[in-house]
Amino acid sequence: MTTLAKKDLLGIEQLTREEIELILVTAQSLREIQTREIKKVPTLRGKTVVNLFFEASTRTRMSFEIAAKRLSADTINFSPSASSISKAETLIDTARNIGAMLPDVIVVRHSQAGAPEMLSRMVSAAVINAGDGAHEHPSQALLDLLTVKEKKGRFEGLKVAIVGDIAASRVARSDIYAFTKMGAEVRVAGPPTMLPPGIERLGVKAYTNIRDAIADADVIMMLRIQMERHSRVLFPTIREYSQFFCLTPEILRLAREDVIIMHPGPINRGVEISSEIADGPYSVILEQVTNGLAVRMAILYLLASGSGR
Amino acid sequence: MWIVNGRLIDPANKIDGDYDLRIENGRVAAVAPRGEGPREGERIDAAGKWIVPGLVDMHTHLREPGFEYKESIGTGTRAAASGGFTSVACMANTNPVNDSPAITEFILGKARKEGVVNVFPIGAVTKGLAGESLAEMGEMKVAGIVGVSDDGNTIMNAAVARRAFEYAGMFGLVVISHCEDRNLSEEGVMHEGFVSTRLGLPGVPAAAEEIMVSRDLHLAELTGARLHIAHLSTAGSVRLLREARDRGIDVTAEVSPHHLTLTDEAVSTYDTNAKMTPPLRPERDVQAVRDALVDGTIDAIATDHAPHSPVEKEVEFNAAPNGIIGLETALPLVLRLVHEGRLPLDTALRRLTAGPARILRIDKGHLSVGSDADVTIIDPDFELEVDPTRFYSKSRNTPFAGWKLRGRAVCTIVGGRTVFDLARGGIL
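Residues numbered from 1 in each chain as written. Chains lettered and ligands numbered in written order. Predicted model: local features only at pLDDT ≥ 70, side-chain atom pairs only at ≥ 80, totals over all residues. Heavy atoms only, no water.

Draft legend 1. Here's a closer look at the overall build of chain A. Looking only at helices and strands, chain A features eleven helices and nine strands. Judged by the C-alpha coordinates and their principal axes, chain A covers about 55 × 45 × 35 Å. For chain A, the proportion of its 309 residues judged to be buried stands at 58%. Across chain A, every contact between residues at least 6 apart in sequence was considered, and the portion connecting residues at least 24 apart equals 75%. Put simply, chain A shows about 12600 Å² of open surface, and 51% of that area lies on carbon and sulfur atoms. Here chain A contributes 38 positive and 35 negative side-chain charges, whose respective centroids are spaced 3 Å apart. (Helix = DSSP H or I, 4+ residues; strand = E, 2+ residues; numbered from the N terminus. Buried < 20%, exposed > 50% of the residue type's maximum accessible area, 1.4 Å probe, protein only. Contact = heavy atoms within 4.5 Å. Areas by Shrake-Rupley, 256 points an atom, 1.4 Å probe, with all protein chains shown as cover. Lys, Arg positive; Asp, Glu negative; His and termini not counted. Charge placed at Lys NZ, Arg CZ, Asp CG, Glu CD.)

Draft legend 2. Spotlight on the overall build of chain B. When helices and strands are tallied, chain B shows 13 helices and 20 strands. Computed over the C-alpha atoms, the radius of gyration of chain B is 20 Å, within 12% of the 22 Å expected from 2.2 N^0.38 for a compact globule of 428 residues. Expressed along its principal axes, the backbone C-alpha trace of chain B runs to roughly 65 × 45 × 45 Å. The contacts in chain B between residues at least 6 apart in sequence include a share of 75% that link residues at least 24 apart. Looking at chain B as shown, the accessible area adds up to about 14900 Å², and 48% of this sits on carbon and sulfur atoms. Considering chain B, the positive charge centre built from 46 side chains and the negative charge centre built from 59 side chains are found 3 Å apart. (Rg over C-alpha atoms; globule rule 2.2 N^0.38 Å.)

Draft legend 3. The interface of chain A and chain B, seen in detail. Each partner contributes residues to the interface: chain A has 25 residues there, and chain B has 18 residues. Roughly 1800 Å² is buried in total at the junction of chain A and chain B, and carbon and sulfur atoms are behind 52% of that figure. Taken as a group, A:Gln112, A:Pro197 and A:Arg232 account for 26% of the area that chain A buries against chain B, more than any other trio of residues on that side. Our count for the contact surface shared by chain A and chain B stands at two salt bridges. (Buried area = accessible area lost by both parts, 1.4 Å probe. Salt bridge = Lys/Arg side-chain N within 4 Å of Asp/Glu carboxyl O.)

Draft legend 4. Seen up close, the sheet that holds strand β7 (residues 55-60) of chain B. Residue and element names in this part refer to chain B. Read across the open sheet, the three strands follow the order β7-β8-β9; overall the sheet is parallel. The two strands at the open ends of the sheet, each matched to only one other strand, are β7 and β9 (118-121). When the angles between neighbouring strand axes are averaged without regard to direction, this sheet yields 20°. (Pairing = 2+ DSSP bridges. Axes fitted to C-alpha atoms, helices over the stretch in contact; angles between N-to-C directions.)

Draft legend 5. Fine view of the environment of B:Thr252. Residues and elements named next belong to chain B. Tracing the backbone through its elements, the reader meets Thr 252 in strand β15 (residues 251-255). Taking the C-alpha atoms as reference points, Thr 252 and Glu 114, separated by 138 residues in sequence, lie 32 Å from one another. With near-sequence residues (within four places) excluded, Thr 252 lies in contact with Leu 227, His 228, Ile 229, Arg 245, Asp 299, Arg 358 and Ile 359. Among the polar contacts listed, one links the side chain of Thr 252 to the side chain of His 228, at a separation of 2.8 Å. (Polar contact = N/O pair within 3.5 Å; in protein donor to acceptor, adjacent residues only side chain to side chain.)

Draft legend 6. Geometry of the nonpolar core. Ranked by internal contacts, the top residues of the largest apolar core, which has 77 residues, are B:Phe85, B:Val88, B:Val148, B:Ile229, B:Leu232, B:Val251 and B:Ile298. The dominant element in this core, judged by the number of residues it contributes, is helix α11 (residues 330-339) of chain B, at six residues. Grouped together as the second largest cluster of nonpolar side chains are 67 residues, A:Leu22, A:Leu44, A:Ala141 and A:Val186 included. (Core = buried A, V, L, I, M, F, W, Y, C linked by side-chain atoms within 4.5 Å.)

Draft legend 7. The arrangement of the pattern of salt bridges in detail. Considering all chains together, one arrives at 45 salt bridges over all chains under this definition. Overlapping salt bridges, with partners in common, bring together A:Lys152, A:Asp218, A:Arg256 and A:Asp258 in one network.

Draft legend 8. Structural view of the packing of aromatic side chains. Counted under the stated rule, the structure contains six aromatic pairs over all chains. Look at B:Tyr392 and B:Phe420: their rings are 6.5 Å apart centre to centre, the planes differ by 90°, and that puts the pair in the edge-to-face class. Separated by 28 residues along the polypeptide, B:Tyr392 in the loop between β17 (375-385) and β18 (404-414) and B:Phe420 in strand β19 (residues 417-421) bring together distant segments of the chain. Consider the rings of B:Phe400 and B:Trp403, whose centres lie 4.8 Å apart with planes at 90°: the pair is edge-to-face. Through pairs of rings, three or more aromatic residues link up here, namely A:Phe235, A:Tyr241 and A:Phe245. Sitting above the plane of the B:Phe194 ring, A:Arg201 keeps its charged end 4.0 Å from the centroid. (Phe/Tyr/Trp six-rings, centres within 6.5 Å; stacked < 30°, edge-to-face > 60°. Lys NZ or Arg CZ within 6 Å of the ring centre and 35° of its normal.)

Draft legend 9. Quick peek at helix α9 (residues 283-295) of chain B. Residues and elements named next belong to chain B. A rise of 1.5 Å per residue sets the reference length of α9, with its 13 residues, at 18 Å; its end C-alpha atoms lie 18 Å apart and thus fit the reference within 8%. For α9, the full list of buried residues reads Asp 285, Val 286, Ala 288, Val 289, Arg 290, Ala 292 and Leu 293. Following α9 by one or two positions, Gly 296 has its phi on the positive side, about 95°. (Expected span 1.5 Å × (residues − 1).)

Draft legend 10. Here's a closer look at helix α2 (residues 59-70) of chain A. All names here are of chain A. Taking 1.5 Å per residue, twelve residues should reach 16 Å; α2 reaches 16 Å between its end C-alpha atoms and fits that length. Along α2, the positions that sit buried rather than exposed are Thr 60, Ser 63, Phe 64, Glu 65, Ala 67, Ala 68 and Arg 70. The inward-facing, buried residues of α2 abut β1 (48-53), β2 (74-78), β3 (105-110), β4 (126-132), α5 (138-152) and α11 (285-304). Among the residues trailing α2, Ser 72 stands out with phi positive, at a value near 70°.

Draft legend 11. Region of interest: the sheet that holds strand β6 (residues 185-189) of chain A. Residue and element names in this part refer to chain A. The strand order β7-β6-β5-β8-β9 describes an open sheet built from five strands, whose pairing is parallel. The strands lining the two open edges of the sheet, one partner per strand, are β7 (205-207) and β9 (260-262). In this sheet, neighbouring strand axes are inclined to one another by 20° on average, regardless of whether the strands run parallel or antiparallel. Bridge count between strand β8 (residues 219-222) and β9: three bridges; the pairing is parallel.

Draft legend 12. Local environment of the pairing of β9(B). Sheet topology note: the strand β8 (residues 85-90) of chain B/β9(B) ladder contains four bridges and is parallel. The residue of β9(B) that forms the bridge with B:Ser87 is B:Asn118.

Draft legend 13. Molecular detail of the packing of helix α1 (residues 73-82) of chain B against helix α2 (residues 101-114) of chain B. Residues and elements named next belong to chain B. Interhelical geometry of α1 versus α2 gives an angle of 65° and a closest axis separation of 9 Å. The chirality of how α1 crosses α2 is right-handed. On the side of α1, the interface is formed by Ile 73, Gly 74, Thr 77 and Arg 78, while α2 contributes Ile 107, Lys 110, Ala 111 and Glu 114. Class assignment of the residues belonging to the contact of α1 with α2 gives a composition of three nonpolar, two polar and three charged. (Left-handed = near helix turned anticlockwise from the far one by under 90°. Nonpolar A, V, L, I, M, F, W, Y, C, P; charged D, E, K, R; others polar.)

Draft legend 14. Focus on the confidence of the model for chain B. Confidence in the prediction of chain B, expressed as mean pLDDT, is 97, and 100% of residues score 70 or more. Among the scores for the predicted complex, ipTM is 0.92 and pTM is 0.94. (pLDDT = per-residue confidence, 0-100.)

Draft legend 15. Unusual backbone geometry, seen in detail. At the junction of A:Gly265 and A:Pro266, the peptide bond is cis and its omega measures out at -10° in the coordinates. Structurally, the position occupied by A:Pro266 is in the loop between β9 and α10 (275-278). With an omega dihedral of 0°, the bond running from B:Asn95 to B:Pro96 counts as a cis peptide bond. Tracing the backbone through its elements, the reader meets B:Pro96 in the loop between β8 and α2. The backbone of B:Tyr270 sits at a positive phi, close to 60°, despite the residue not being glycine. Of note, B:Tyr270 is situated in the loop between β15 and α9. Judged by relative accessible area, B:Tyr270 falls into the buried class, the value being 5%. At B:Arg361, a position not held by glycine, the phi torsion is positive, near 55°.

Draft legend 16. Region of the structure containing the pairing of β2(A). All names here are of chain A. In this sheet, β2 lies alongside β1 in parallel orientation, the contact comprising five bridges. Following the sheet pairing, Thr 48 is matched in β2 by Asp 74. For the crossover from β1 across α2 to β2, the handedness is right-handed. (Right-handed = clockwise from strand over helix to strand, strands pointing away.)

Draft legend 17. Spotlight on the packing of helix α7 (residues 206-223) of chain B against helix α8 (residues 235-246) of chain B. Residues and elements named next belong to chain B. It is the contact of α7 with α8, at a shortest axis distance of 9 Å, that shows an interaxial angle of 15°. Regarding the angle of α7 to α8, the classification is roughly parallel. α8 is crossed by α7, and the crossing has right-handed handedness. In this structure, α7 uses Glu 209, Glu 210, Val 213, Ser 214 and Leu 217 to contact α8, whose residues at the interface are Gly 236, Ser 237, Leu 240, Leu 241 and Ala 244. (Parallel < 35°, antiparallel > 145°, perpendicular 65-115°, else oblique.)

Here you go:
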């Protein structure tokens, strides 16, 4: 397979294993560009990429922008203020207007699940979901896969633990699809208030004790605890949460010796992950960020070349 | 006028056979064995069709006054007639709310002038649907309401609900309860389960409905009120209802055609036309409400016709308002269950006619000699593809667009007057 027969990238759920492998292989071949003195190729010259971010984001937006620029695409960043008009009007009217300017790719982030899918029905441009509510964040999962592929050389049989607010996490969902499709064994852990119903039907094992989840793990993915969700009676205090779910050197001993620690960022030091671990030898958190560029270049390249449209 | 050559089905009078129907002065004048009607002259030939009592929808939102951009009494009653309904009970969540006799009178006045079917207003239980103080139920009863309901604004304060049940009982008014613990619902926008987990949408657990069904059953027992549970949707609610009925509590219930037909999988494309409250449930709940409809635990099928403009529905799933329209798809969807052998025809028609009429205590839903000549003629084999652009409703919010269904109303007669005749182009 050399082309991605899809108009959009809305989630990992819709991808086949072959399509995932294509994106990863493409990312690996594009990564070499980043080591050059002039980090730019003319591949997407004349293409227009719109970064449409309805929800605040620094790193994902920046990553997509740099990725597009390294491929010579023209990029426009648009972050509509949610407060100026109602969100509903923003999405539909903005989508139609931007669609009428005939961009090639729209990268969209939105606080509500399903918004990218709705957008994709209204525009002919390729739509890349850069995170929608608690639904999916496919580019994050793909960069996670790339990071694991490089560190471990395989997916089959790996034990991957995802720990934190699974219910509210789009990263968790995309990672669950991604790693299970590639043959890894996925476990999720968090307090029951953060484990959504039926999660095991996605092919994972759910635990309420972090120790059970990370036992013999090859990969540990710690999720950011969103402090604002605290008001919804999900746990008593941040302090107590970290007592039971913070990844510390002491419990890390339960994992495999060559375990790698990942985090989609931004991290809350001392809440879900201790500083020693975040900055320690097992951490690949910054490599994830670098791989993010290569993966997003691959996605843009595969979709903007338009074979799926 | 005669309606001849059809199969007359009148569940209330236990009639199902080849009978002709004579209408005079707006009333049923005779039900006679086939062949007694005239061979020519003023007659409707219903060969191959069913002659049934005009359908009764006990749960409709006509949106007038206040939300005429969604629906009006004129358009809503036309949609009803086109769907075979000759009587509709309209909910109180208008603007202003129907919580005073003036609004009740306004609705009835409009219905007389612009409506094409019978309109029976439902009054609010509490002033402004705020759940705090009682609306003027007695005066509204005098003005013409047939029941009270705060519908989607479930009265969360049990003490207010208790007093409302007691007070409504004085006037013999049925209390129609939309059962939902709104604290437990939180910001949920669909049924909480595997599908909501997959889609990343906040869910409403079945327990949010069942807790309130349970509370209201207890309050009905405490107060002796007549309780009617609107759009019941879970297996747990069915279980509670059966248990309460076995103990002799005066309770009835309705189910909507969509809760009999769709599961929460319909939300999978984030189609806002699959968003309603109560939300679409998984298969086991759908099966449970079907069973309850067949065995009589559920007395009525009601549309919960809830028009919203495209502008309101073409938004992110979370932001979209709840509800779908149902008057023009209800009968074909119910007949689908009949054709599939899941629902006996007699039962289906009873739940659409005598069932709801009895709950509202209105003299409708049967074809007894001397009763109002509200008659619907159904072509059970009519093949149709649901096309919302051709609806009489002002709104288009249906998840059934494009569905191929069989059977529909072809002629609707209200008080002896034909208001809808498909052969003559529709609404007359």
